[in-house]
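Observations on chain architecture
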Amino acid sequence: MSQPLRPLVFQILLILNEEERHGYGIMKAVNERTGRKTILGPATLYRTLGQMRDGGLIDETPTDDERRRVYTLSAAGRRTARAEAERMASLVERARTGQLIG
Amino acid sequence: MSPSARWYGRILRFGPASLRREFGDDMVAAFDAMVADERASRRALPRLRVWTRVLTDLLLSTLHSFRGQSSLYRIPNKRPPMESRFQDLRFALRTMRRQPLFAIVAMTTIAIGVGATATIFSIANGLLLRAPAGVRNSDELVSVHRVASDDTGFHSFSLPSFRHLSAADSGLTDLAAYDSFGGSLVLDGTPYRVAGSIVSANYFAAVGVQPAIGRFFYPSEDTVPGRDLVAVISDQMWQERFAGSPDVVGRELALNGRGFTVVGVAEPGFVGHLAALVNQVWVPVSAQGLIRGETDLSEEEASLAVELVARLAPGSSARLVRDALDRAGQAFHEPRDEDWYGVDVFAYAPIVPIARQGLNWFLAAMFVVAGVLLTITAVNVANMMLSRAAARSREIGVRLALGATRGRLVTQLLTESVLLFLCGGALGALLTVWTTGLLGSISLPIPIPLDLHFAPDLRVLGFALAVAATAGTVFGLSPALHATRGDLTGALKENGTPPRRRQRLRSVLVVTQVACSALLLVVAGLLIRSAGRITSLDLGLDTNNVHAFLIDTQDANRSVDESRRFYRTLTENAARFPGVESIGAIDVPPLTGSNQQSTALLPDLPPEPGVGARTVEFAQVSPGYLSTMRIPLVAGRHLDDADTAETPGVVIVNEHLANTFWPGESAIGKRFAFRTADEPIDLEVVGVARDSKIRTPGDDARPLVYGHWEQFGGRSYTVVARVEDPVVAVMIRDHVRELDPILPPAQPIVYADLVGLSLLPSKIATILATVFGIAGLALAALGLYGLLAYSVLQRSHEIGVRMALGARSAAVRRMVVRDGLRLTVIGLALGLLAAAGLGRLIRWMLFGLSPFDAVTFISIAALLLTIAAIACWLPARRAAATNPVNALRAE
């Protein structure tokens, strides 16, 4: 089984799977989805984005506005996200067969 | 880019360099976007929220990158992190127990710094943040003000204007009007002074208060002027005057000579929505004219004004409200040919709106002073930790050599310093219980009930701990980083030479320490010197033996004519009392911080550019006033009893006005007019008085006109009497009661106490700055000695070599002192520069003293240099006495 992803990395992959976004857009989306329980700030966001780009999970495209880069999901990113989702699904399945949840 | 975003960009330099290089611009842009989003969400303190978030985020991110956490995957922890956190905590506690003296000294030092900052925060909390009891969901409340022609805010509205605005659709659930009044309440034949407010019927709903018993006002009760005489009283008054009896509802209250029926009692604790002011009774706005004793009750005619407080409807915002009210106001005022410059809408704060700006300045200055003291204490503790880290360098060296990561050791050392600071912070919060108790016990020498609540609450505790934790991180990080950076071989050797960086850090600490002390001491010195000057200041008048009686015949609902007769009889009769040297009256007593202005139209003089007329200070006085206050005439004659409402208007002007309006000419016989609502009042100058201070003892000279009280007519005067014996003052008070039994008792106030009122902010500032200054000086002296002594100790090897090579001990002493003083001078220069900058912030509290007062600056510089010289000389003597053999043997 593949190694579990950091939750923030997985969240970002899920968000970029829907549509491409710039950095602040990702930040807002993460904060909305986690119900503002964990507030994501710019330093953590861009540090993680840098790592994901270096790891080949996402692609960075510069736009006309120099200060706004747009991030898209790469093929490797899509595969990794799918693997993580399947890993989670199998965990959930196991919880279901163990009648932990309905 | 906003200025705060620019600051964020600068702060990013303290984070990981790679992150800033690559994403700095994006992060700054994100910061701006966050601020914009927070603003749009209409929650309180948007900027503060963003700052807290980004700073925590940056700190965590920096720590993560220190620990090398860069994986995209979850790192399987060898040990659960919580456990290692606990281990750090246990270890920190053990270190503290092992060196209890170190811990106690450090914590006490921190407690002083944090306590000072938290005390100032408590004042801000009590006056700006904490809504008074009974006020609900205060984050939805806004205060609405009219903007005046000169673009200044905080002006009130006329009643018709309020009624029109409240009918407009403006995104508010309630727009309520209020205005305070002082009055006389007669209960069982005894008059009491009460403070109350005139409010619109929806006021209680807007603020969120419930009745304890009975009801609040019906909307119909605040519409027809003078028809519905109903009142709501405070729970406090209900308990004190009516013993909490429920049949108070329906009782009649004799308020300012009119019978008001009590319809309800406000919930316990509620005494109004503004801090510090205690209301005992509320009446509907429609009773405003009546309670003020106006003869014409029609709202269109009466010159009555109200302040507005409002509750935002869900989804609305201050900006939307402002735009809507702007339009509504324009639609109302334009057809009537009245000026309309729009409204200002501010988030609600418990302080009286007009005092808000002054308070902000005061708090800003005090926060800087307290922050400087905090820095001094934190530098002291950082130095102590640095010394201890040096003593522990072997332990740290061994652990590094055995394979502990640097991040792990930094975390552990940081845990120690943050724990130390948190304990100190908690002590500091305890300290505020005492300091705020002192501040809350301030009472005013005037009969206005004040209710100052500065007692620390959870917010203050949270603030103290947050400040402590931040200081612990900031001032613990450098020693921790330095302690773990050393070269291993050096650290493992006995008595290894200290790394150069550590010496540099110490130099930075010395410079910071000196700079902060200089800043603090200069501010304290300026305030103390200015406080000393007040007593020796030439005020232009003599308040010794003068007693003041604040009387307002509106309290007894007297007409202007009745008032005129009352005051004339009072002053004429009292002047004949044995022991009364002289007696007079003035409507706006000088040196109490208040003033009134009028517009003078000068026929022979071109008006001020763009103004069309000249603004002058104006006071109505009785003929005896000037001689009672011993303000001499330099030309012309006094006002006298022969001048009456029927004779031509005459005034006395001060020298400043005479010299400004008619330079080089005699002012006697000159004419000018006062612009009024109806037609200009024509006036002739009959006398010139010496200049005297008007608003505060530190006031600049201003043009002033003394008008004859009979020729203007008012109902509120301060009667001043020069009497040797205070018993005579009591006789005058009793005579007031004989003349008008309904008037609340006019207690004699020593005039100097009244002056003290306008000096209150600067007095508080002086006390705080003095206490902070003394604490700062003691801490700085100790800290400087510690820092300098330690750096000499560190150089004992170098000194040994120099002496072995033939340096004389006198030369060594000189060298050590010179090095120490060099740092002191740099710190001093920085501190004095900062003090010169801060001087502008406290200028208004310095009575005529320049914020760049050379005496203060030079004596503080000399003081600090002396302390530094002693702090250097003692260790220098020891260093020069070093036996070179011993020093070198350590190698």
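This text follows the structure it describes.
Values in this document were obtained by computation on a predicted structure and should not be read as measured data.

What counts, and at which threshold
- Residues numbered from 1 in each chain as written.
- Chains lettered and ligands numbered in written order.
- Predicted model: local features only at pLDDT ≥ 70, side-chain atom pairs only at ≥ 80, totals over all residues.
- Heavy atoms only, no water.
- Helix = DSSP H or I, 4+ residues; strand = E, 2+ residues; numbered from the N terminus.
- Areas by Shrake-Rupley, 256 points an atom, 1.4 Å probe, with all protein chains shown as cover.
- Lys, Arg positive; Asp, Glu negative; His and termini not counted.
- Charge placed at Lys NZ, Arg CZ, Asp CG, Glu CD.
- Buried < 20%, exposed > 50% of the residue type's maximum accessible area, 1.4 Å probe, protein only.
- Contact = heavy atoms within 4.5 Å.
- Buried area = accessible area lost by both parts, 1.4 Å probe.
- Salt bridge = Lys/Arg side-chain N within 4 Å of Asp/Glu carboxyl O.
- Polar contact = N/O pair within 3.5 Å; in protein donor to acceptor, adjacent residues only side chain to side chain.
- Nonpolar A, V, L, I, M, F, W, Y, C, P; charged D, E, K, R; others polar.
- Pairing = 2+ DSSP bridges.
- Disulfide = S-S within 2.5 Å.
- Axes fitted to C-alpha atoms, helices over the stretch in contact; angles between N-to-C directions.
- Parallel < 35°, antiparallel > 145°, perpendicular 65-115°, else oblique.
- Core = buried A, V, L, I, M, F, W, Y, C linked by side-chain atoms within 4.5 Å.
- Phe/Tyr/Trp six-rings, centres within 6.5 Å; stacked < 30°, edge-to-face > 60°.
- Lys NZ or Arg CZ within 6 Å of the ring centre and 35° of its normal.

Counting its secondary structure elements, chain A contains 4 helices and 3 strands. Structurally, chain A occupies a C-alpha span of about 55 × 30 × 20 Å along its principal axes. Taken as a whole, chain A presents about 5,700 Å² of accessible surface, with 51% of it coming from carbon and sulfur. Charged side chains of chain A number 17 positive and 13 negative; the gap between the two group centres comes to 7 Å.

Turning to the overall build of chain B, a few remarks are in order. The secondary structure content of chain B amounts to 27 helices and 24 strands. With the C-alpha coordinates aligned to their principal axes, the bounding extent of chain B is approximately 105 × 65 × 55 Å. By residue count, 50% of the 891 residues in chain B fall in the buried class. Excluding contacts between residues fewer than 6 apart, the proportion of contacts in chain B whose partners are at least 24 apart in sequence is 79%. Surface accessibility of chain B: about 39,800 Å² in total, with carbon and sulfur atoms responsible for 58%.

In this section: the interface of chain B and chain A. Taken together, the contacts link 28 residues of chain B with 30 residues of chain A. Overall, the association of chain B and chain A removes approximately 2,600 Å² of surface from exposure, summing both partners, and the carbon and sulfur fraction of that is 55%. Among the ionic pairs, Asp26 of chain B bridges to Arg69 of chain A, the shortest N-O distance being 2.8 Å. Applying the counting criterion to the chain B and chain A interface returns 10 residue pairs in polar contact (both at pLDDT 80 or more). Mapped by element, the contributors of at least two residues to the side of chain B that touches chain A are α2 (17-40) and α3 (46-66) of chain B. Among the elements that take part in the side of chain B that touches chain A, α2 of chain B stands out by supplying 12 residues, more than any other. Residue composition of the side of chain B that touches chain A, grouped by class: 14 nonpolar, 5 polar and 9 charged.

What follows concerns the environment of His22 of chain A. Residue and element names in this part refer to chain A. Mapping His22 onto the fold places it in strand β1 (residues 21-22). Counting along the chain gives 49 residues from His22 to Tyr71, while the straight-line C-alpha distance between them is 5.8 Å. Each residue touching His22, except ones within four places of it in the same chain, is listed here: Arg68, Arg69, Val70 and Tyr71.

Overall, antiparallel pairing links the 3 strands, which are arranged β1-β3-β2 (chain A) in an open sheet. Strand pairing shows two members of the sheet lacking a second neighbour, β1 and β2 (58-62) of chain A, which therefore form its edges.

Another aspect to go through is the state of the cysteines. Here a disulfide denotes a covalent bond joining the sulfur atom of one cysteine to the sulfur atom of another. Residue and element names in this part refer to chain B. Going through the model one piece at a time under the given rule, you end up with 0 disulfides over all chains. Looking at Cys516, it has no disulfide partner, and the nearest cysteine sulfur is the one in Cys872, 18 Å off. By relative accessible area, Cys516 is classed as buried at 11%. You can call Cys872 buried: its relative accessible area is 1%.

All names here are of chain A. Here helix α1 (residues 7-18) crosses helix α3 (residues 42-54) at 75 degrees, and the two axes come no closer than 11 Å. In terms of orientation, α1 lies roughly perpendicular with respect to α3. In contact with Leu8, Val9, Ile12 and Leu13 of α1, α3 contributes Thr44, Leu45, Thr48, Leu49 and Met52. Taken together, the residues that form the contact of α1 with α3 break down as 7 nonpolar, 2 polar and no charged.

A word on the nonpolar core. Residues Phe362, Phe772 and Ile799 of chain B are the most contacted members of the largest nonpolar core, which totals 77 residues. Of all the secondary-structure elements, those providing two or more residues to this core are α5 (100-129), α11 (356-391), α16 (500-536), α23 (760-794), α24 (796-804), α25 (809-842) and α26 (854-880) of chain B. Once you skip the residues sitting within four places of it in the chain, Phe362 of chain B turns out to touch Pro761, Ile764, Ala765, Trp844 and Met845 of chain B. In this structure, Leu5 and Leu45 of chain A together with Phe31 and Trp51 of chain B belong to the second largest nonpolar core, which totals 41 residues.

Residues and elements named next belong to chain B. Checked against the element boundaries, Ser184 lands in strand β3 (residues 172-187). Overall, Ser184 belongs to the buried group, its relative accessible area being 0%. If near-sequence neighbours (up to four positions away) are discounted, Ser184 is found in contact with Pro191, Tyr192, Val194, Ala254, Leu255, Asn256, Asp555, Ile742, Leu743 and Pro744.

Residue and element names in this part refer to chain B. Burial along strand β10 (residues 281-284) is two-sided: the face carrying Val281 and Val283 and the face carrying Trp282 and Pro284 are both buried. Two elements, strand β6 (residues 230-233) and β10, share 2 bridges in a ladder whose sense is antiparallel. The residue bridging Ile233 from the neighbouring strand is Val281, located in β10.

Right, let's talk about the packing of aromatic side chains for a bit. Residue and element names in this part refer to chain B. Across all of its chains, the model carries 23 aromatic pairs over all chains by this definition. With a centroid separation of 6.4 Å and 45 degrees between ring planes, the pair formed by Tyr178 and Tyr203 is classed as tilted. Taken together, the residues span a long stretch of sequence, with Tyr178 in strand β3 and Tyr203 in helix α7 (residues 203-207) at a distance of 25 residues. One exposure class covers both Tyr178 and Tyr203, and it is buried. Ring plane angle 10 degrees and centroid distance 3.9 Å describe the contact between Phe204 and Phe216, whose orientation is recorded as stacked. Linking Phe204 in helix α7 with Phe216 in the loop between β5 (211-214) and β6, this pair joins segments that are 12 residues apart in sequence. Of the two residues, Phe204 and Phe216, both sit in the buried class. Taken together through their ring pairs, the aromatic side chains of Tyr178, Tyr203, Phe204, Phe216, Phe217, Phe270 and Trp282 make up a single cluster. We note Arg241 situated over the ring of Tyr192; from NZ or CZ to the ring centre the distance is 3.9 Å. Note that Arg399 overlies the ring of Phe91, its terminal NZ or CZ placed 5.7 Å from the centroid.

Backbone geometry places Gln99 of chain A, a non-glycine residue, at a positive phi of 55 degrees. On the secondary structure map, Gln99 of chain A appears in the segment after α4 (75-97). One non-glycine residue, Asn545 of chain B, lies in the positive phi region at around 65 degrees. Within the element layout of this structure, Asn545 of chain B appears in the loop between α16 and β14 (546-552). On the basis of relative accessible area, Asn545 of chain B is assigned to the partly exposed category, the value being 37%.

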